[in-house]
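Residues per chain are reported as follows:
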Amino acid sequence: MTTHILRRLAPLALLALLLSACNNTDSNGPSLEHDHDHEDLHGRLLIASDQHDSLQVFDLDQNAFLDSLQLDHPVSALYPSAGYRFALVLQRDTGSQPHQVQAVDGGVWLHGDHAHSDPAQITSLRLQGTTPGHHQMFGDQATVFFDGGPVGSTRFAVFTDELLSRGQALAVENLLAPHHGLALPRGDHLLASNPDRAAVRVMALHNDHFHDEGVLPESCPGLHGGGATATASAFGCEDGVLLVKGHKPPFAAHKLPTAERITQVAGHAEVAQLVAFATGNAVAYRVDPATQQAQRFDWNQGAGTTRMQHRFSVSGNYFLVLDSDATLHIWSTRDWSAQGTLSLGSAGAVLSLATDADDRLHVLDVDQQQLRRYHLAGAKPDTAEPVALPQPARHIVWTGVPAAHGHDHDHDHDHDHDHDHDHDHDHDHDHDHGHDHDHSHAPASGLSALHF
């Protein structure tokens, strides 16, 4: 397939890029005249609504809205691509048309050794399937899992920034039976939920499709939620956390027992430990692949609140939890010390959040219809005034160049707030009450909107 050919030609493409002048069309960039302002660009926020089909582009360097892009349908969720150049746009409110995923190029990308700026634009990608839900990232790969549709329809797809620039997915799997699941990319292999949601299935990437290599021997009853570090993957189970070491066979699977069902797991490639939340959104664990232990994590320092959203920052420097009082708890991942809190509103406030490569937090206040900015370092508001939205919005995601700031990444953006029956909360404001409900109308953002 063309994917295999493109991989073999990649070294030649890189050589051509290095030899080309800056005003030539880059093989990995849009065929538009480039803006040659090469100072440190801070990226853009893409902001969308679940009620209409337009997407707003907010430039962080100009501190202003630039463009309005016309999508095919209203947005169910916004997630970043693995390289953060693109936003993956999940669309479920499609009327009589199939559900689908579109991709939007944020326009800020790595051109040689510097960040480059172009107009944001919608790519030609339109990947159709039923009930697109969980999103995961690792290395240069991102996945979207489709819960519904018969065998033979899209079950999950893997995307890279390189192929998204051509309007293509890297690979699509369509042989698994429908279920509320997820797929964790690990390079040439992928770990996916088994259709019975009681085990993890190993899939090997072959050009544009996958070969099934069977299930891991360690079970994971009630599988829900997953995340990964550079060395291990983890899945939430009714009886604990299933820890899977390695990024290729033979994978080593170990069960880390917990007293509660685990329904959310978050990881980052630059952070050694993962964080797992239990049913009820009050209890959390830090999972250490090195010691193979899961230890209680007092994320709200005894405040008695419950989790509404969680995520690692783009850089991996911070772990963030938004609680039921709209208080953001900020933790340093260097030593897991508390860095303070930010009050982002009152209890019940509808918020979508995004972080950027500079460890700033961008809050989309759905009730007030405004953007606010905060600094994670020092847990303090930015001096910039809030920005009013040009039209109602509910979803936000940051796009830009984390590599320009020395960051790598790998984190999961499932952010369901599980309720213990099988429906999907793949948006910002899910809450976990012991069953997995589908509240696809709640705000969902590339931060897994925090799962942001």
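Treat the numbers as computed from the prediction; the structure is a model and nothing was measured.

Cut-off values and rules
Residues numbered from 1 in each chain as written. Predicted model: local features only at pLDDT ≥ 70, side-chain atom pairs only at ≥ 80, totals over all residues. Heavy atoms only, no water. Helix = DSSP H or I, 4+ residues; strand = E, 2+ residues; numbered from the N terminus. Buried < 20%, exposed > 50% of the residue type's maximum accessible area, 1.4 Å probe, protein only. Areas by Shrake-Rupley, 256 points an atom, 1.4 Å probe, with all protein chains shown as cover. Disulfide = S-S within 2.5 Å. pLDDT = per-residue confidence, 0-100. Contact = heavy atoms within 4.5 Å. Pairing = 2+ DSSP bridges. Axes fitted to C-alpha atoms, helices over the stretch in contact; angles between N-to-C directions. Salt bridge = Lys/Arg side-chain N within 4 Å of Asp/Glu carboxyl O. Polar contact = N/O pair within 3.5 Å; in protein donor to acceptor, adjacent residues only side chain to side chain.

Caption draft 1: Seen up close, the overall build of the protein. A tally of regular secondary structure across the protein gives two helices and 36 strands. The buried share among the 452 residues of the protein stands at 59%. In the structure as shown, the protein presents an accessible area of about 16000 Å², 50% of it carried by carbon and sulfur atoms.

Caption draft 2: Highlighting the state of the cysteines. For the structure shown, the criterion picks out one disulfide. There is a disulfide in this structure between Cys 220 and Cys 237, and the S-S distance comes to 2.0 Å. Around the S-S axis, the bridge from Cys 220 to Cys 237 shows a dihedral of about -105° and counts as left-handed. You can see Cys 220 sitting in the loop between β16 (209–215) and β17 (226–228) and its partner Cys 237 sitting in strand β18 (residues 232–237), a full 17 residues away along the chain. For the pair Cys 220 and Cys 237, one class covers both residues: buried.

Caption draft 3: The confidence of the model for the protein, seen in detail. Chain-level statistics for the protein give a pLDDT mean of 86 and a share of 80% at 70 or above. Segment residues 1–38 is flagged for pLDDT under 50; beyond a separation of four residues in sequence, or across chains, it makes 54 contacts in the model. Every residue in residues 413–452 is under pLDDT 50, and counting partners more than four places away or in other chains gives 228 contacts.

Caption draft 4: Up close: the sheet that holds β18. Spatially, four strands are ordered β17-β18-β19-β20 in an open sheet, and the strand pairing comes out antiparallel. What marks the edges here is a single partner per strand, and that holds for β17 and β20 (252–257). Taking each pair of neighbouring strands and ignoring which way they run, the sheet shows an average axis angle of 20°.

Caption draft 5: Seen up close, the sheet that holds strand β22 (residues 274–278). Across the sheet, four strands lie side by side as β21-β22-β23-β24; this open sheet has antiparallel pairing. Looking at which strands have only one partner, the edges of the open sheet turn out to be β21 (262–266) and β24 (293–296). Between one strand and the next, the sheet's axes are offset by a mean angle of 30°, whatever the strand orientation. Pairing between strand β23 (residues 284–288) and β24: four bridges, direction antiparallel.

Caption draft 6: A look at the pattern of salt bridges. Counting across every chain of the model gives 11 salt bridges. For the salt bridge of Arg 166 with Glu 162, the shortest nitrogen-to-oxygen distance reads 3.8 Å. On the basis of relative accessible area, Arg 166 is assigned to the partly exposed category, the value being 31%. Classification of Glu 162 as partly exposed rests on a relative accessible area of 34%. Notably, a salt bridge pairs Arg 373 with Asp 382, separated by 4.0 Å at the nearest N-O pair.

Caption draft 7: Region of the structure containing the pairing of strand β10 (residues 141–148). Among the eight residues that make up β10, eight are buried, leaving the element largely enclosed by the rest of the structure. The pairing of strand β9 (residues 121–138) with β10 spans six bridges and is antiparallel. Across the sheet, residue Met 137 finds its bridge partner in β10, namely Ala 142. Between β9 and β10, which follow one another and run antiparallel, lie two residues, and Gly 139 among them has a positive phi close to 60°. Here four bridges tie β10 to strand β11 (residues 156–159), and the two strands are oriented antiparallel to one another. Each bridged residue has a counterpart across the sheet, and for Val 144 the counterpart in β11 is Ala 157.

Caption draft 8: Region of interest: the environment of Ile 47. Within the element layout of this structure, Ile 47 appears in strand β1 (residues 44–48). When its relative accessible area of 1% is taken as the criterion, Ile 47 is described as buried. The spacing of Ile 47 and Leu 364 is 317 residues in sequence and 8.6 Å in space, taken between C-alpha atoms. Excluding residues that lie within four positions of it along the chain, Ile 47 makes contacts with Ser 54, Leu 55, Gln 56, Phe 58, Phe 65, Leu 364, Leu 371, Leu 389, Ala 393, His 395 and Ile 396.

Caption draft 9: Just the side chain of His 310, in detail. Among the structural elements, His 310 can be located in strand β25 (residues 307–312). For His 310, a relative accessible area of 0% corresponds to the buried category. At a separation of 3.0 Å, a polar atom in the side chain of His 310 contacts the side chain of Arg 307.

Caption draft 10: Spotlight on the environment of Val 265. Mapping Val 265 onto the fold places it in strand β21. Along the backbone, Val 265 and Arg 286 are 21 residues apart, and their C-alpha atoms lie at a distance of 9.6 Å.

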